[in-house]
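Residues per chain are reported as follows:
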Amino acid sequence: MKLSEIKAILPTLANVEFQLENGDFVPEHFHVTEVGTVTKYFIDCGGKVRHEKVVNFQLWNANDFEHRLKPGKLLHIINLSEEELGIEDNEIEVEYQNTTIGKYDLEFNGKTFVLKNKTTACLAQDACGIPVEKQKVRLSELSSKQTSCCTPDSGCC
């Protein structure tokens, strides 16, 4: 989800709710402690230089049980971050601590924001030696018409 998408959704909501992909909800008294840009400049295993930029939201579960972040307040925080930090309309990545700090993609299911599990992947599979999946062939389908160039009388053995 891009920043412009969450900005369009927030005014339509009565409450801001985040849910993990497994169905668990982020406690309703969470705080958004950071909104910013994270830039990653790196080289992949194939030698290609890459540059990624995401908008980062950090969610924090405090012991402030009376706290409830309203959509208008989150929209204000986003607008302020755009004005003060020059944040661009990039994909949103959410940091949230469950058992450890996790990074999640963000989707909206019509009612709640869903923290989608991120996975790692090789970005240069063609260059780093990962074999492509082998084609499965039945031995019975191989042609029996193939002849060997080596026969008992040819002298090649």
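Residues numbered from 1 in each chain as written. Predicted model: local features only at pLDDT ≥ 70, side-chain atom pairs only at ≥ 80, totals over all residues. Heavy atoms only, no water.

Engineer: Help me understand the overall build of the protein chain in this model?
Structural biologist: Along the backbone of the protein chain there are two helices and six strands. Along the protein chain, from the amino end to the carboxyl end, the secondary structure elements read α-β-β-β-α-β-β-β. Per-residue burial for the protein chain yields a buried fraction of 30% across its 157 residues. Summarising the internal contacts of the protein chain: among those between residues at least 6 apart in sequence, 65% fall at separations of at least 24. Accessible area for the protein chain stands at about 11200 Å²; split by element, carbon and sulfur atoms hold 49% of it. (Helix = DSSP H or I, 4+ residues; strand = E, 2+ residues; numbered from the N terminus. Buried < 20%, exposed > 50% of the residue type's maximum accessible area, 1.4 Å probe, protein only. Contact = heavy atoms within 4.5 Å. Areas by Shrake-Rupley, 256 points an atom, 1.4 Å probe, with all protein chains shown as cover.)

Engineer: Where do I start with helix 2 (residues 71–85) in this structure?
Structural biologist: Counted at 1.5 Å a residue, the expected span for helix 2 with its 15 residues is 21 Å, and the 21 Å between its end C-alpha atoms agrees. Listing the buried residues of helix 2 in full gives Pro71, Leu74, Leu75, Ile78 and Ser81. One side of helix 2 holds all its buried residues, which, seen down the axis, span an arc of 120°. Helix 2 presents Gly72, Glu83 and Glu84 as exposed residues on the side facing more than 90 degrees away from its buried surface. Turning to helix 2, the residues buried within the fold contact helix 1 (3–9), strand 2 (30–43) and strand 3 (49–61). Of the residues one or two after helix 2, Gly86 is the one with positive phi, at around 70°. (Expected span 1.5 Å × (residues − 1). Arc of directions from axis to C-beta.)

Engineer: Just checking my understanding: could you explain the sheet that holds strand 4 (residues 92–97) for this structure?
Structural biologist: Hydrogen bonds between backbone groups are what pair the strands of a sheet, and the pairing can be parallel or antiparallel. On the basis of which strands lie adjacent, the open sheet formed by six strands has the order 1-6-5-4-3-2 and mixed pairing. Looking along the sheet, the strands with just one partner apiece sit at the ends: strand 1 (18–20) and strand 2. Going across the sheet, the axis of each strand differs from the next one's by a mean of 40°, ignoring polarity. Pairing of strand 5 (residues 101–108) with strand 6 (residues 113–117) involves five bridges; the strand directions are antiparallel. Residue pairing for strand 6: Glu107 is matched across the bridge by Val114. (Pairing = 2+ DSSP bridges. Axes fitted to C-alpha atoms, helices over the stretch in contact; angles between N-to-C directions.)

Engineer: What am I meant to see in the pattern of salt bridges here?
Structural biologist: Two side chains of opposite charge can pair, provided their charged atoms sit close to one another. Under the definition given, this model contains 10 salt bridges. Note that Lys7 and Glu82 form a salt bridge whose closest N and O atoms lie 2.8 Å from each other. Taken as a pair, Lys7 in helix 1 and Glu82 in helix 2 lie far apart in primary sequence, 75 residues in all. The exposure class assigned to Glu82 is partly exposed, which follows from its relative accessible area of 24%. In this structure, Lys116 and Glu21 form a salt bridge, with 2.9 Å as the shortest nitrogen-oxygen distance. Within this pair, whereas Lys116 is found in strand 6, its partner Glu21 is found in the loop between strand 1 and strand 2, the two being separated by 95 residues in sequence. The class for Lys116 is partly exposed, based on a relative accessible area of 21%. (Salt bridge = Lys/Arg side-chain N within 4 Å of Asp/Glu carboxyl O.)

Engineer: Can you help me understand the environment of Glu88 in this one?
Structural biologist: Looking at the element boundaries, Glu88 is found in the loop between helix 2 and strand 4. A sequence separation of 33 residues divides Glu88 from Val55, and the C-alpha atoms of the two residues are 7.7 Å apart.

In short, shape yes, function no, at least from these values alone.
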